[in-house]
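Structure assessment
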Protein chains: 2
Amino acid sequence: VRIAVVGAGAWGTAFSRLLIERGHEVTLVSRDAAQAEAIRATGRNPRYLPGVDLSGLHTVTADGPPEADLHVIAVPSSGFAATLASLPGDSPVLSLTKGLDPASGERLSTLAQRPFAVLSGPNFAAEIAAGLPAAAVVASADGDLAELLQEELSSVVLRVYVNPDLVGVELCAAAKNVIALAAGGVDGLGLGDNAKAALVTRGLAEMARLGTACGASPETFSGLAGLGDLIGTCWHPEGRNRRAGELIARGRTGEQARAEIGTVEGLTTAPVLRNLAHRLGIELPITEGICSILDGADLSALVAGLMTRRPTEE
Amino acid sequence: VRIAVVGAGAWGTAFSRLLIERGHEVTLVSRDAAQAEAIRATGRNPRYLPGVDLSGLHTVTADGPPEADLHVIAVPSSGFAATLASLPGDSPVLSLTKGLDPASGERLSTLAQRPFAVLSGPNFAAEIAAGLPAAAVVASADGDLAELLQEELSSVVLRVYVNPDLVGVELCAAAKNVIALAAGGVDGLGLGDNAKAALVTRGLAEMARLGTACGASPETFSGLAGLGDLIGTCWHPEGRNRRAGELIARGRTGEQARAEIGTVEGLTTAPVLRNLAHRLGIELPITEGICSILDGADLSALVAGLMTRRPTEE
C-alpha cells in the first residue's frame, strides 16, 4: 500500500519504520526542507530518534503530501486542520494526533471530508522504534476501514485492536494529556506515588465523565486508548506532558516548559477541553485546576485545597 | 479510641503513626519479643521504617492482642486467620491485609465473627510515614462502622472515602498483587512501558471480570481500591510484588524472590485466585500465566504467545 506519513516528529518517524517493516511503500513528508534532505542523504532523522533506520523509505519530501492510498497524519493538533486541508485526493486518513481542534474545540475527525480513522494507545515512539512490543486501537466510523487498517498495521511489534467507539478514542487521546500534566505536577511537587495514583484514578473518572456526556462508550475509557494510554503517559519518565507538568510544578511557565520540551499537547488541549466542558455543563476539576495554574494560580494552594476537602463516599 | 495494631511490619508501623497523630491510644502488637523490646526502648521500629517516631505509642507488646475498642490487623494473609482467632472480646476489626484466606480461598471478611471493615487503596507505607498525602477507601457490610472509621482515620495525610462494596474492595486488594507480579515481569524482561501499560489495562479488566462474577460493583474496580492501588503497585519502584515479578523474570524462583523481599502477597494469592476462578468458571489469563510460571513454565514463550495471538476487537 502507498502510504504518506505527514509529520517527521518522533511518532511519525517511528510509525514510518513500522510501515516499512510491514512492506508498505512509505513517503515521509516533513515541513522542513533541510530535515527532508538530511533524511534522504543519511537514511536517518537527525532530529528525532536518530537510531531508526529510514533507508527503506520510498521517498522523503518537504513539498507537501503526495497522492497516496492512505495518508497518516502525525502532526501536533495545532497544525492538524491545515495538514488535513493540504491532502490531495480523497483517500482515507489515519490520524496519530492526540488532541482537539483548537479553533473549533471539536474532535479532529469532525474536520475530515474523507474516510477517517484514528490510532491510539500506550505507544511511546522510542519504545516502538526499539522494537519493543506495544498494543493500540484503531477507531473509525467506517468499520471496514478500521478492519483494513488493523490488517495492514498489525505486526510483531504493534498489536492493533479495533474499537468501534471513535468518539471515545478521540476524547481519551485528548484528555489524557491534560491529566498527565497534573500527574507530572504531583511528581514535581514530590508528593509520591500514592498521591499520583489517586490523582490518576480521579483523572480517568473525569475523562469518562466527559466521554459519557459526549456519547462515548464507558468501556473505551477502561481500555487501551483510555486507561492504557493514560497510565503510560503518567508514569513514563520521557512522557512530554508529564515532564511539562513537572517543570511547571517547579516554577516554570507553560511557555517555558514548551520551549524546553517542544510540542506539549496537554497545554494546547487543556483550555479547549475546559471550554467544551462548560458548553456541555459538566465538571472537570483536574482540567479546571490545570487551566487555573496555566492562568497563574498557585499550585500548592490548589493541592492543599484538594487534600483538605471533607472526604465523602468514593 | 483504644486501638490495637496487630503486626509490626512496614504498614503496621506507618499506620500506628497515623493513629497516634490522630490522637488515638495505640498499642502495637509484634510477634517478636526482641522487636517489641527494641521499639519500647528506642521509640523506633528497627526493622521497618526506622525513621518513624513511635514514641507516642501507648504500649508495645509481644504477648498477643489486648482488649481494645478497635483491632487493626496488618499481618500477611497467610497469618490472617490465626491472628483473627487470637483477638479478645468482640470489638470491630479493621483489616489492612491484602489477600485471600489461603486455606479456604475465601475473602478474609468471611472468617470474621465480629464487625469487620477493610482499608485499601494506593498506600505505600514509606510515603505515608514520610507524611506524603494519600487516599484510601474503607469498606464494610456495616455502613455505620465504615463511617465511624472514616471519621476516626481521616487526617491531612490520609483522606478516607467510604465504599459500600466490601466484596469488590477485598477482591481488588487480593488480585492487584498478582497483576503487579506480571507487571514486574514486564519490567524484568525489559519490555518497556507500552507493554506494561497494555498488560495493566488487561489486568484491570481481569480483576473486574472476577469481581462481576462475585457480585462486586464495577465502579470499585475503577476506583481507589482497584485502579488506584493497581497502578501504584505496578509502577512504584519499591512495590514488593512488582519487584518479585522482576526478579522472577530475571530467573529467580518464587521462593528465591520471597527470600530476598520478604512477604510477597501475590505469590500466596495467585494459586488461591486461580482455584477461585476455576470454581467460578471464569478465565483469568494473567493469573493463569503467573501460576504456570511459578509452576516452572517458560516466561519468554508465554510473552511471545501473547504477542502473536491474532488481534481482534478490543
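Note that the coordinates shown come from a computational prediction; the quantities given were computed from them, not determined experimentally.

**Points about the overall build of chain A**
On a plain count of helices and strands, chain A comes out with 14 helices and 8 strands. Rg of the C-alpha trace for chain A: 19 Å, near the compact-globule value of 20 Å for 314 residues, within the 12% margin. For chain A, the spread of C-alpha atoms along the three principal axes comes to 60 × 35 × 35 Å. Taking all 314 residues of chain A together, 60% fall into the buried category. Considering only contacts in chain A between residues 6 or more positions apart, those separated by 24 or more positions represent 61%. Summed over its atoms, the accessible surface of chain A is roughly 11800 Å², and 52% of this surface lies on carbon and sulfur atoms. Counting 25 positive and 35 negative side-chain charges, chain A places the averaged centre of each group 5 Å from the other.

**As for the relation of the copies chain B and chain A**
Between chain B and chain A, which share one sequence, the superposing operator has a rotation angle of 180 degrees and an axial displacement of 0.0 Å; the RMSD is 0.0 Å. Both copies of the chain, as the preceding transformation shows, are related through a two-fold rotation axis. When you check the interface residues of chain B against chain A, 100% turn up at the interface there too, and the contact is symmetric in its surfaces.

**Considerations on the sheet that holds strand E8 (residues 158-162) of chain A**
Residue and element names in this part refer to chain A. Spatial strand order, E3-E2-E1-E4-E5-E6-E7-E8: 8 strands in an open sheet with mixed pairing. Two strands close off the open sheet at either side, each with one partner strand: strand E3 (59-61) and E8. Strand-to-strand, the axes of this sheet are offset by a mean angle of 25 degrees, without reference to chain direction. Summarising the sheet, strand E1 (residues 2-6) and strand E2 (residues 25-29) pair through 5 bridges and their orientation is parallel. Within E2, the residue paired with Val6 across the bridge is Val29. Each of E1, E2, strand E4 (70-73), strand E5 (93-95), strand E6 (116-120) and E8 is contacted by helix H1 (residues 10-21), which is oriented at about 170 degrees to E2, the strand it contacts most.

**Considering the packing of helix H10 (residues 240-249) of chain A against helix H11 (residues 254-261) of chain A**
Residue and element names in this part refer to chain A. Where H10 contacts H11, the axes come no closer than 9 Å and their chain directions differ by 135 degrees. Taken as axis vectors, H10 and H11 run oblique relative to one another. When you trace H10 past H11, the crossing you get is right-handed. Along its contact with H10, which presents Arg240, Arg243, Ala244, Leu247 and Ile248, the element H11 presents Gly254, Ala257, Glu260 and Ile261. Taken together, the residues of the contact of H10 with H11 sort by class into 5 nonpolar, 1 polar and 3 charged.

**A word on the interface of chain B and chain A**
Facing 53 residues of chain B, the contacting portion of chain A comprises 53 residues. Carbon and sulfur atoms make up 57% of the area that chain B and chain A hide from each other, which totals about 4200 Å². Summed over the shared surface of chain B and chain A, the number is 0 salt bridges. Counting across the interface, chain B meets chain A through 12 residue pairs in polar contact (both at pLDDT 80 or more). Broken down by secondary-structure element, the contributors of at least two residues to the side of chain B that touches chain A are helix H4 (125-129), strand E7 (134-140), helix H5 (143-153), strand E8 (158-162), helix H7 (192-213), helix H9 (224-235) and helix H14 (299-308) of chain B. Considered class by class, the residues forming the side of chain B that touches chain A number 29 nonpolar, 15 polar and 9 charged.

**A look at the packing of aromatic side chains**
Throughout the structure, instances matching the rule amount to 5 aromatic pairs over all chains. Here the aromatic rings of Trp11 of chain A and Phe15 of chain A are separated by 5.3 Å at their centres, their planes lie at 75 degrees, and the arrangement is edge-to-face. With a gap of 4 residues between them, Trp11 of chain A and Phe15 of chain A both fall in helix H1, about one helical turn apart. Sitting over the ring of Tyr161 of chain B, Arg202 of chain A keeps its end group 4.7 Å from the ring centre.

What counts and how
- Residues numbered from 1 in each chain as written.
- Chains lettered and ligands numbered in written order.
- Predicted model: local features only at pLDDT ≥ 70, side-chain atom pairs only at ≥ 80, totals over all residues.
- Heavy atoms only, no water.
- Helix = DSSP H or I, 4+ residues; strand = E, 2+ residues; numbered from the N terminus.
- Rg over C-alpha atoms; globule rule 2.2 N^0.38 Å.
- Buried < 20%, exposed > 50% of the residue type's maximum accessible area, 1.4 Å probe, protein only.
- Contact = heavy atoms within 4.5 Å.
- Areas by Shrake-Rupley, 256 points an atom, 1.4 Å probe, with all protein chains shown as cover.
- Lys, Arg positive; Asp, Glu negative; His and termini not counted.
- Charge placed at Lys NZ, Arg CZ, Asp CG, Glu CD.
- Least-squares fit on C-alpha atoms with pLDDT ≥ 70 in both.
- Pairing = 2+ DSSP bridges.
- Axes fitted to C-alpha atoms, helices over the stretch in contact; angles between N-to-C directions.
- Parallel < 35°, antiparallel > 145°, perpendicular 65-115°, else oblique.
- Left-handed = near helix turned anticlockwise from the far one by under 90°.
- Nonpolar A, V, L, I, M, F, W, Y, C, P; charged D, E, K, R; others polar.
- Buried area = accessible area lost by both parts, 1.4 Å probe.
- Salt bridge = Lys/Arg side-chain N within 4 Å of Asp/Glu carboxyl O.
- Polar contact = N/O pair within 3.5 Å; in protein donor to acceptor, adjacent residues only side chain to side chain.
- Phe/Tyr/Trp six-rings, centres within 6.5 Å; stacked < 30°, edge-to-face > 60°.
- Lys NZ or Arg CZ within 6 Å of the ring centre and 35° of its normal.

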